[in-house]
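# Coordinates in review
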Amino acid sequence: MEIFIAPAKSIKRRLRVPGDKSITHRALMLATMAEGESTITGFCPCADCYSTLACLQIMGLRASLRNGQETMHLSGMGMRNFSEPDCILPVGNSGTTIRLLSGILAGQNIFAVMNGDQSLNRRPMLRVVEPLRHMGALIFGRENGALPPIAIQGRKLTGIEYHTPVPSAQVKSAILFAGLYAKGTTVVVETSASRDHTENLFSYLEIPMIRIGHRVEVEGDIDGFPGFNLEIPGDISSAAYFIAAGAMTPDSRIEIEKVGLNHTRTGFLDVLVRMGADITITPSDEEGPEPSGNILIRTSKLHGIDIEGEQVPRLIDELPLLAVIATQAEGVTRVTGAGELRFKETDRIFAIAECLSDLGVTVNVLDDGFEIEGPVPIKGGRVRSYGDHRIAMSMAVAGMISKDGVMLEDAECVEVSFPGFWEILGGACGL
Ligand code: S3P
């Protein structure tokens with residue numbers, strides 16, 4: 001599907017974005033492992049989360065939608081009662097599904113195979129396979145477990161202490177999930193903090209855990225935990241596209257309601273404020289495992305900055321969008337220490353450089369990041385999404401601030417994380 005994104009004029013809107021995708025994956029998995037009934041409100045109805053749901057349903061989870069599709073009701077099976085799948089588990093495009101489920105399946109007494117789409121089956125798996133093998137897991141895959149499809153024969157695991165080479169919430173979470181099934185203690189230590197939704201949900205469910213700095217420790221062989229009720233806030237990574245649009249389109253004011261404000265995810269807001277953006281955050285006083293609130297953004301004059309090191313995991317998914325923002329900021333914006341971008345749904349450093357160059361902007365490509373000198377007008381033109389939802393939505397924002405508009409190819413991939421994106425964008429800027 002091709003979509004033409006016209007240059008936008010003033011945008012004055014209040015809107016909401018779908019629930020947080022990372023929290024939804026974890027909530028679905030934990031509701032399956034729980035004893036009894038759970039309800040999840042505000043879950044993200046995106047393709048990636050439906051991949052997780054489909055895999056869990058194949059292994060016995062019962063789930064139904066109630067209250068006009070707003071609330072998902074789930075009947076948990078208990079930690080060790082997953083049924084052996086009699087077909088291949090379809091993880092689609094979702095790295096979070098295959099990596100987190102690997103940790104859970106390693107401790108189940110069943111055999112399971114997970115297969116993804118073409119993009120997923122090129123993404124590295126050794127980062128979870130190696131530590132899980134150290135815990136005793138039996139895992140097979142292409143190139144000795146480096147690439148999906150991945151086959152797992154669950155068996156008895158033993159706790160390990162693992163220092164992750166690169167901060168990754170998917171790796172940390174896979175090991176922590178496996179740790180709940182293992183004998184003894186499992187420890188994960190990171191050099192800087194990756195998103196901590198797994199830990200926050202473990203605390204919410206009173207699963208014993210010790211967190212000190214970037215070190216997390218869980219006790220293994222737990223008996224189980226009861227079902228739970230959870231309300232999931234909007235996904236800040238989805239809100240980011242409208243925050244960027246609000247900052248860069250003239251005479252604009254966009255308020256996004258009920259967005260998750262977990263500190264490990266708000267790096268994008270911090271960076272925008274450092275670049276000079278006019279952002280007001282109103283925290284909500286609702287209780288739950290995750291903080292949330294409203295974000296108000298007004299048209300802002302931006303300047304370039306350096307983004308590096310510990311800041312990177314806190315905005316890793318927003319870096320393609322930041323490249324678009326950098327084109328409108330005065331001076332150089334330099335991102336380093338973001339080599340992980342090369343292992344996402346596509347090589348995002350390459351894709352950003354190709355797309356922006358197709359729109360008339362020069363990007364200085366680095367091994368582990370990029371440099372863009374602004375302000376530089378985005379002329380417009382035709383770009384590909386590379387089948388990557390975050391590249392597609394970043395290019396939509398580029399279209400809004402372009403002179404002649406952008407024709408985006410393969411625009412349907414936004415469904416991977418943000419169903420309804422085109423409708424909200426159309427409503428916001430009269431597409
Ligand atoms: C995610 C973690 C991040 C992120 C991905 C979702 C998660 O990946 O890029 O979109 O839900 O745990 P890494 O853990 O590989 O950095």
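The structure presented is a predicted model; accordingly, all values stated were derived computationally and were not measured. (Residues numbered from 1 in each chain as written. Predicted model: local features only at pLDDT ≥ 70, side-chain atom pairs only at ≥ 80, totals over all residues. Heavy atoms only, no water.)

## A word on the sheet that holds strand E4 (residues 62–66)
Strand order in this open sheet of four strands is E4-E5-E3-E14, and the pairing throughout is mixed. With partners counted over all chains shown, the strands left at the sheet margins are E4 and strand E14 (229–231), one partner each. Across the sheet, the mean angle from the axis of one strand to that of its neighbour is 20°, orientation sign disregarded. When strand E3 (residues 35–41) meets E14, the two strands line up parallel, connected through three bridges. Note that in E14 the partner of Ile40 across the bridge is Leu230. Sheet strands in contact with helix H1 (residues 21–33) are E3, strand E5 (71–77) and E14, and its direction is about 40° off that of E5. (Pairing = 2+ DSSP bridges. Helix = DSSP H or I, 4+ residues; strand = E, 2+ residues; numbered from the N terminus. Axes fitted to C-alpha atoms, helices over the stretch in contact; angles between N-to-C directions. Contact = heavy atoms within 4.5 Å.)

## Some words on the side chain of Ser51
On the secondary structure map, Ser51 appears in helix H2 (residues 47–58). Taking relative accessible area as the criterion, Ser51 reaches 12% and is therefore assigned buried. A polar atom in the side chain of Ser51 sits 3.5 Å from the backbone oxygen of Val91. If sequence neighbours within four positions are ignored, Ser51 has contacts with Pro90, Val91, Gly92, Ser94 and Thr97. (Buried < 20%, exposed > 50% of the residue type's maximum accessible area, 1.4 Å probe, protein only. Polar contact = N/O pair within 3.5 Å; in protein donor to acceptor, adjacent residues only side chain to side chain.)

## Description of the domain arrangement of the protein
Split by domain assignment, the protein resolves into domain 1 (3–18 + 233–429) and domain 2 (21–231). One C-alpha centre belongs to domain 1, the other to domain 2, and the line joining them spans 28 Å. Contacts between the two partners involve 25 residues from domain 1 and, on the opposite side, 28 residues from domain 2. Between domain 1 and domain 2, roughly 2200 Å² of surface is buried when both sides are summed, and carbon and sulfur atoms account for 51% of that area. Interface area lost by domain 1 to domain 2 is led by Pro289, Glu345 and Val416, which between them contribute 24%. Linking Glu345 and Arg123 is a salt bridge whose minimum nitrogen-to-oxygen distance equals 3.8 Å. For the interface between domain 1 and domain 2, the tally reads 14 residue pairs in polar contact (both at pLDDT 80 or more). The class makeup of the residues in the side of domain 1 that touches domain 2 is nine nonpolar, four polar and 12 charged. (Domains from an automatic or database assignment. Buried area = accessible area lost by both parts, 1.4 Å probe. Salt bridge = Lys/Arg side-chain N within 4 Å of Asp/Glu carboxyl O. Nonpolar A, V, L, I, M, F, W, Y, C, P; charged D, E, K, R; others polar.)

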